[in-house]
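# Commentary on secondary and tertiary structure
Residues per chain are reported as follows:
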Amino acid sequence: MLRKTTAVAAGLALTLGPVLQPAQAAPTVRTAAAEVTAACALVVGSFNQTWGQNREVVTATAPPTEGVVLSTPNIYQSPFGIGSTPTTFSETPMTGGRTARVGKLVIGGYLYDSSAIVRSDGSLVRGSNVLKKYGGGWSGKRFLVQARYKASAASKPSRTTLYAQDTSGRFGRWTDLGSGFRNTGYVGGLSTMKAFALIATTATYDLFLVNNRAGGLYTLKIPTTSPLRPVATPVRTTSWQRFETMIAAPCGTGSIVLAEDHDNGSYYVYAVGHANGTSTAIRNLGKVALNWGDFDRFRFAPAYDPLNGG
């Protein structure tokens, strides 16, 4: 998994060459698309100081509104040290007001499925917290993104893909084989990119909203074909460099995006219309105060999660 990137990286350089340069043109200021409404919401999760998870609903009003924090302690047993964490945990309703939570994370360089069942008050169902180990070689990752495509709510996922970026900037893709994950490509050339928010999954590609250190905001389209060849499209050219992480949830044919500025502990919510290059509609809905003293925020998503923001 640590082999050097050669031809794949060269192909990416041809595709992304202009993207990784400091932006030149001024952005076009637009309002949010009509399909992004105040009824949309993003369910924010985080790992808390009691070795568990917190959950809070952020609704896309202007300014955004926050729900009550639901805390679940003792999902993870000390001294487990969570390394790379996911951008999404899935939530599946069960009988008796209980909810099953499943997501992937890295502990001690190993990839795990983390599952737990919680009650309506957030308390953990005893013995339901399970870690399933896949394999090693996952240390040194900045993040994990899982893209799961389902054609409908009734269908089974037709593909499950993991994406991760090394601390050196190398970007990789892994395909779920059922018994484990197989690497299906690495690319270089993305070291200036900071935050990766998944905004669309289709049968043929995944689409990320990403920012870079020069202040640019882009979409990064990744076809499911091999070799791995992302295609970047500018969305904005300035003012986005301050965000270290972004989390997205679907809203109509657009997205709700939570962007985190680690330097001053600020969180902003954006309504983002269907991705369309520099014509993409974006509206800053305002700040939210997610000051729980927690770390590594992610999203709680339903089992059927039709991301169609691009």
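Anything mentioned here points back to the structure above.
Here is a short report on the structure shown in this document.

## Considering the state of the cysteines
This model, assessed by the stated rule, comprises one disulfide. Two residues share a disulfide in this structure: C40 and C251, whose sulfurs sit 1.8 Å from each other. The S-S bond linking C40 to C251 shows a torsion near 75 degrees; that makes this disulfide right-handed. Of this pair, C40 sits in the loop between α1 (7-16) and β1 (41-47) while C251 sits in strand β17 (residues 245-251), placing them 211 residues apart in sequence.

## Some remarks on the nonpolar core
Counting 20 residues, the largest nonpolar core has L209, L217, W240, M246, V257, Y270 and I282 as the members making the most contacts within it. Every element with two or more residues in this core is listed here: β13 (193-201), β14 (205-212), β17, β18 (254-261) and β19 (266-272). It is β13 that provides the largest number of residues to this core, a total of four residues. With residues up to four places along the chain from it excluded, the contact list for L217 reads L209, V210, N211, T233, P234, V235, R236, W240, M246 and I282.

## Quick notes on the sheet that holds strand β12 (residues 181-187)
Spatially, four strands are ordered β9-β10-β11-β12 in an open sheet, and the strand pairing comes out antiparallel. If you trace the sheet from one side to the other, it starts and ends with β9 (141-149) and β12, each paired once. Averaged over all pairs of adjacent strands, the angle between their axes in this sheet comes to 20 degrees, without regard to strand direction. In this structure, strand β11 (residues 171-176) lies alongside β12, joined through five bridges in antiparallel fashion. Within β12, the residue paired with W174 across the bridge is N183.

Rules of the game
- Residues numbered from 1 in each chain as written.
- Predicted model: local features only at pLDDT ≥ 70, side-chain atom pairs only at ≥ 80, totals over all residues.
- Heavy atoms only, no water.
- Disulfide = S-S within 2.5 Å.
- Helix = DSSP H or I, 4+ residues; strand = E, 2+ residues; numbered from the N terminus.
- Core = buried A, V, L, I, M, F, W, Y, C linked by side-chain atoms within 4.5 Å.
- Buried < 20%, exposed > 50% of the residue type's maximum accessible area, 1.4 Å probe, protein only.
- Contact = heavy atoms within 4.5 Å.
- Pairing = 2+ DSSP bridges.
- Axes fitted to C-alpha atoms, helices over the stretch in contact; angles between N-to-C directions.

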